[in-house]
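# Chains, contacts and geometry: an overview
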Amino acid sequence: MDSPLKKPTTGIPRSEEATLIAKVSSLVDAGQATEALRVLGHVTRRTEVTYNAQGVCLMRLGRYSDAVEIYRSFVMEFGCTWMKATLPVFVRANFATALLLAGHTTGFQSTLAEIKEQSHPSVARLRQSLKDWERNLSWLGRLKWFCGVAPKTPITLTFPPGEFVESLVDLKSPT
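Residues numbered from 1 in each chain as written. Predicted model: local features only at pLDDT ≥ 70, side-chain atom pairs only at ≥ 80, totals over all residues. Heavy atoms only, no water.

### Let's talk about the overall build of the protein
Note the cut-off: Runs of H or I in DSSP of at least four residues are treated as helices and runs of E of at least two as strands, each being numbered from the N terminus. Relative accessibility decides the category of a residue: with a 1.4 Å probe and only protein chains considered, values under 20% of the type maximum give buried, values over 50% give exposed, and everything between is partly exposed. It only takes one pair of heavy atoms within 4.5 Å for two residues to be counted as in contact. What sets the accessible areas is the Shrake-Rupley method with a 1.4 Å probe; for residues, cover comes only from the shown protein chains.
In terms of regular secondary structure, the protein is built from nine helices and zero strands. Listing the helices and strands of the protein from first to last along the sequence gives α-α-α-α-α-α-α-α-α. Burial statistics for the protein: of 175 residues in total, 41% are counted as buried. Looking at the protein alone, contacts between residues at least 24 apart form 59% of all its contacts between residues at least 6 apart. Of the roughly 10,000 Å² of accessible surface on the protein, 57% is carried by carbon and sulfur atoms.

Okay, here's the thing in structure tokens:
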């Protein structure tokens, strides 16, 4: 597998990329995230789409710090401390999720706050997880959090971490 810190390149035709991501997503849904990661390891031309898929696989395998490194390599503006605003919202939300699961609660919070599309379903459900966590903190935990110290209590998710593609179902307006 090539280095996750290598700058993503373009070059995979979109139809091939869509087929690859559909295969990887199916494998992960079938509980075969290790196999999905192996399939991605054979990709010679890396794109932001394949890096995102690799990050999702790593999160599903519980390898959260590895996922953070993958996302950091292509989500952050080079030499900066902010994310590329041109990336899809769900990819930036995946980065926030990886930070959260790796135990970087304050990094998660600031990354989530950086995403301007706060009503996007990927962001909204992460914000809800944060609110639920805050509500369940002890008074001392809330005080620490208010002072900028993340309590040891982990934030739990009620959904599988990471998304491979934008969910069209989530984006439909209510009728």
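### Some thoughts on the nonpolar core
Rules: As used in this record, nonpolar core signifies buried Ala, Val, Leu, Ile, Met, Phe, Trp, Tyr and Cys residues forming a set joined through side-chain atoms within 4.5 Å.
Judged by nonpolar contacts, the single largest core of 47 residues is most densely connected at V24, Y71 and F108. Put simply, the parts of the chain that give this core at least two residues each are α1 (14–29), α2 (33–41), α3 (48–60), α4 (64–75), α5 (89–101), α6 (105–114) and α7 (121–135). Top element by residues in this core is α5. It accounts for nine residues. Those residues in contact with Y71 that lie beyond four places of it in its chain are N52, G55, V56, M59, M76, V91, N94, F95 and A98.

### Observations regarding the environment of L112
Mapped onto the secondary structure, L112 falls in helix α6. The spatial distance from the C-alpha of L112 to the C-alpha of T97 is 8.8 Å, given a sequence separation of 15 residues. Sequence-distant contacts of L112, defined by excluding residues within four places in its chain, comprise A96, Q118, V123, L126 and R127.

### Observations concerning the confidence of the model for the protein
Inclusion rule: Here pLDDT means the predictor's own confidence in every residue, given as a number from 0 to 100.
Looking at the protein as a whole, the pLDDT averages 86, with 87% of positions reaching at least 70. Here residues 1–11 is a poorly scored stretch, pLDDT under 50, and it has 27 contacts once near neighbours within four places are set aside; other chains count. In this model residues 168–175 is a low-confidence stretch, pLDDT under 50, and it forms four contacts with partners more than four residues away in sequence or in other chains.

### Considerations on the pattern of salt bridges
Applied cut-off: In the sections that follow, a salt bridge refers to a side-chain nitrogen of Lys or Arg positioned within 4 Å of a carboxyl oxygen of Asp or Glu.
All told, the structure shown has seven salt bridges when counted by the stated rule. Measuring nitrogen to oxygen at the nearest pair gives 2.5 Å for the salt bridge that ties E35 to R38. With E35 and R38 both in helix α2, this residue pair falls three residues apart, about one helical turn. Here K84 ties to E48 by a salt bridge, and the two come within 3.8 Å at their closest N and O atoms. One end of the pair, K84, is in the loop between α4 and α5; the other, E48, is in helix α3, with 36 residues separating them in the sequence. For K84, a relative accessible area of 11% gives the class buried. Judged by its relative accessible area of 33%, E48 falls in the partly exposed class.

### Looking at α3
As a reminder of what qualifies: One less than the residue count of a helix, multiplied by 1.5 Å, gives the span that helix is expected to have.
With 13 residues, α3 should cover 18 Å at 1.5 Å per step; its first-to-last C-alpha distance of 18 Å lies within 8% of that length. Burial within α3 is extensive, with ten of its 13 residues counted as buried. Looking only at α3, the buried set comprises T50, Y51, N52, A53, Q54, G55, V56, C57, L58 and M59. Buried residues in α3 make contact with α1, α2, α4 and α5. Two residues or fewer past α3, G62 is found with a positive phi of approximately 80°.

### With respect to α4
With twelve residues, α4 should reach 16 Å at 1.5 Å per residue; the first-to-last C-alpha distance of 16 Å fits that figure. Among all positions of α4, only A67, V68, I70, Y71, S73, F74 and V75 are buried.

### With respect to the side chain of H120
The line we're drawing: What qualifies as a polar contact is a pair of N or O atoms within 3.5 Å, subject to a donor-acceptor requirement within protein and to the restriction that residues adjacent in sequence count only when both atoms come from side chains.
Secondary-structure assignment places H120 in the loop between α6 and α7. Within polar-contact distance, the side chain of H120 engages the side chain of E166 at 2.5 Å.

### Here's the deal with the side chain of S122
Positionally, S122 belongs in helix α7. Polar side-chain contacts of S122 include one of 2.5 Å to the side chain of E163. In this view, S122 contacts F90, A93 and E163; residues no more than four positions away in its chain are not counted.

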